[in-house]
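What the coordinates show
Here is what each chain is made of, one letter per residue.
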Amino acid sequence: MNYIKQAPPKKNNNKFFLALLATFLLATTVVGIVVGVITRRNSDDNTNSIIKSACSSTLYPELCFSTITSEPSSVTNKVSSHKDVILLSLNISTGTVERNYFTIKKLLNQKGRTKREKVALHDCLETIDESLYELKKAIDELKDYPSSKKSLFQHADDLKTLLSSAITNQETCLDGFSHDEACKRTRKNVEGGQVHVEHLCSNALAMVKNLTDTDMANDENNKMMVGTNNRKLKEGEIKWPEWISAADRRLLQSSTVTPNVVVAADGSGNYKTVSAAVAAAPENSAKRYVIRIKAGVYKENVDVPKKKTNIMFLGDGRSNTIITASKNVFDGSTTFNSATVAAVGERFLAKDITFQNTAGPSKHQAVALRVGSDLSAFYLCDFLAYQDTLYVHSNRQFFINCLISGTVDFIFGNSAVVLQNCDIHARRPNAGQKNMLTAQGRTDPNQNTGIVIQKSRIGATKDLEPVKSSFPTYLGRPWKEYSRTVVMQSTISDVIQPAGWFEWDGNFALNTLFYGEYQNTGPGASTSGRVKWKGYKVITSATEAQTYTPRNFIAGSGWLGSTGFPFSLDL
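Residues numbered from 1 in each chain as written. Predicted model: local features only at pLDDT ≥ 70, side-chain atom pairs only at ≥ 80, totals over all residues. Heavy atoms only, no water.

Regarding the overall build of the chain
Put simply, the rule is: For the purposes of this entry, the term helix denotes a DSSP run of H or I that reaches at least four residues, the term strand denotes a run of E that reaches at least two, and both are numbered from the N terminus. Note on classification: 1.4 Å probe, protein chains only; a residue is buried when its accessible area is under 20% of the maximum for its type, exposed when over 50%, partly exposed between these limits. Note on contacts: a residue pair qualifies if any of its non-hydrogen atoms lie within 4.5 Å across the two residues.
Tallying secondary structure elements over the chain gives 11 helices and 26 strands in all. Looking at the chain as a whole, 53% of its 571 residues are labelled buried. Taking all contacts inside the chain whose residues are at least 6 apart in sequence as the whole, residues at least 24 apart take part in 71%.

Here it is, written out as structure tokens:
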């Protein structure tokens, strides 16, 4: 019998090939998934590495890393540089500030609030609104960084100023709740959110400083390699700051200025009050708007808000044009809200005016002028009060040929400010009080803030001079942990105690503050008996002292020229 070998059934062949194909597709899919996972993991590792590197320069690195990496992967996957990390950090901070705003608004609407609580909560809403503006502007500035429109130094200083101010605003909100028990209870409801934002802004500031410092160092090295040097000024030549336009220079130095409007208490002008003239001024103006305030005593509280930019107050002489009020902490105000005049809109100028608060030495904090206006300047003005006369709150400021008089902490705040060729006079306080010229409020070592007194005269008023031995007077004390004040090239009378500086509360801030003196003269200028704190320094290097001149400390070469006021950029 013959046996013929038969082929397998066709159906079995099809099953075999289908099984093979399925195995191949499964293997391909698994490999694809594995490769995808590895790729994403590598991408995530790379992103996390960039974020961790950027956050390493901050004071709160764990908060920095956790807040950024908790964002959706669709957001963090776009991070490819330190600049991207900072932008993401700023966006997170902005959202947090917005939530704080609505939290405080709810607290304000609750029944049973005291007058001072309401004022303090209103202060918070104002300062939080300022912070939102500053953070959003910082985002725009950083997106444009680096830019051909401005130098690296100017761009860096702008960014650091915005973030320094945002930090200060959180502190200001909390400071308003320190006056009585009801306020202190309310403070507990807002403190967590404010401190959280302060830390977020601190991290952004640290990363910005690290980024811009690195870029400026590299730029300087490149210039040295190619032999590029800045042109030296000729003898007697002034390099005007870029942020002060030629038109503003002429305006400030001219003896005849054509104002936009005139304020006159007797009805001979366009308005009878300064406040009415400010209210009628254009908003967000790019052009200088001059409000002439004729001779007279104007009893009012004046607010120049954020949207009122490029405003100038022009008086008829500091002894003739006087703006005065008497709001104070003792009668229920906050320090922030007690100001006779508050100037916040950018590029505010004032000339030939007296700003005064007449509350007196027994009413505690009572501010004559509060300034949060960036690139603001004051010329031939008097600031008269007792405790907390001049509140240099935030941003960059310049005072030239002015008189500031007061008792306790009478120049205070956390702006970057230079007072040049000014008369700074302590006056007679209440019995048992000590006079403090300054109380600087820097809370973060990366803030570009501080008080600089240069080429000025420090002395006593006529009522203090005969009894100065009964009222010890000091150059300053540390209001906040990283307080920074420099007195240089000034004449100091014997009204100042040999120790020079005074404690705020025991050892608080004595190691972290920076108080410097450079080339001062006069009977109160000797440094041999000065405090021995770690943070105190007698500056001997002209190079170090140059750091605190208007050119470097307030980026003066970029804007002072446009004010029209006289000034010196250097030592």
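Description of the nonpolar core
Which entries qualify depends on this criterion: Residues enter a nonpolar core if they are buried and are Ala, Val, Leu, Ile, Met, Phe, Trp, Tyr or Cys, with the set joined through side-chain atoms within 4.5 Å. Each domain span listed reflects an automatic or database assignment of domains.
Counting 58 residues, the largest nonpolar core has Ile-291, Phe-313, Phe-383, Phe-399, Ile-404 and Leu-419 as its most contacted members. Split by domain, this core shows at least three residues from each of two domains, domain 2 (260–393) and domain 3 (413–418 + 432–559). Ranked by size, the runner-up nonpolar core spans 46 residues in total, among them Leu-90, Val-97, Leu-163 and Ala-166.

Notes on the environment of Ala-182
Structurally, Ala-182 can be placed in helix H7 (residues 181–226). Using a relative accessible area of 14% as the deciding quantity, one classes Ala-182 as buried. Through-space distance from the C-alpha of Ala-182 to that of Glu-117 is 7.2 Å; in sequence the pair is 65 residues apart. If near-sequence neighbours (up to four positions away) are discounted, Ala-182 is found in contact with Thr-114 and Glu-117.

Thoughts on the side chain of Ser-164
Tracing the chain through its elements places Ser-164 in helix H6 (residues 152–175). Other than its neighbours up to four places away in sequence, Ser-164 contacts Leu-205, Gln-447, Asn-448 and Thr-449.

Here we look at the UniProt feature "active site" (unreviewed entry) in the chain
The criterion, for reference: UniProt positions are given in the numbering used here, feature names are shortened, and annotations may be inferred rather than shown by experiment.
Per the UniProt record, "active site" (unreviewed entry) is annotated on Asp-409. Assignment of secondary structure puts Asp-409 in the loop between strand E15 (403–406) and strand E16 (411–413). Under the relative-accessibility criterion, Asp-409 is labelled buried at 5%.

Brief notes about the packing of helix H4 (residues 82–108) against helix H5 (residues 115–143)
Applicable threshold: Axis geometry follows a simple rule: fit a line to the C-alpha atoms, using only the stretch in contact for helices, then measure angles between N-to-C directions, giving values from 0 to 180 degrees. By the definition adopted for this analysis, an angle is roughly parallel if under 35 degrees, roughly antiparallel if over 145, roughly perpendicular if from 65 to 115, and oblique otherwise. Working rule for handedness: look at the near helix, and if it is turned counterclockwise from the far one by less than a right angle, call the crossing left-handed; if clockwise, right-handed. Residues were grouped as follows: Ala, Val, Leu, Ile, Met, Phe, Trp, Tyr, Cys and Pro as nonpolar; Asp, Glu, Lys and Arg as charged; and all remaining residues, including Gly, as polar.
Running from amino to carboxyl end, H4 crosses H5 at an angle of 160°, the nearest separation of the two axes being 9 Å. Comparing their axes, H5 and H4 come out roughly antiparallel. Once H4 is placed against H5, the crossing between them reads as left-handed. Its residues assigned to classes, the contact of H4 with H5 shows 17 nonpolar, six polar and six charged.

Describing the pairing of strand E21 (residues 457–460)
Which entries qualify depends on this criterion: Two strands make a pair as long as DSSP finds a minimum of two bridges between them.
Relative to E21, strand E18 (residues 423–426) runs parallel, the two being bridged by four bridges. Within E21, the residue paired with Ile-424 across the bridge is Ile-458. Inspection of the sheet shows E21 paired to strand E24 (residues 491–492) by two bridges, in the parallel sense. Bridging across to E24, Arg-457 finds its partner in Thr-491.

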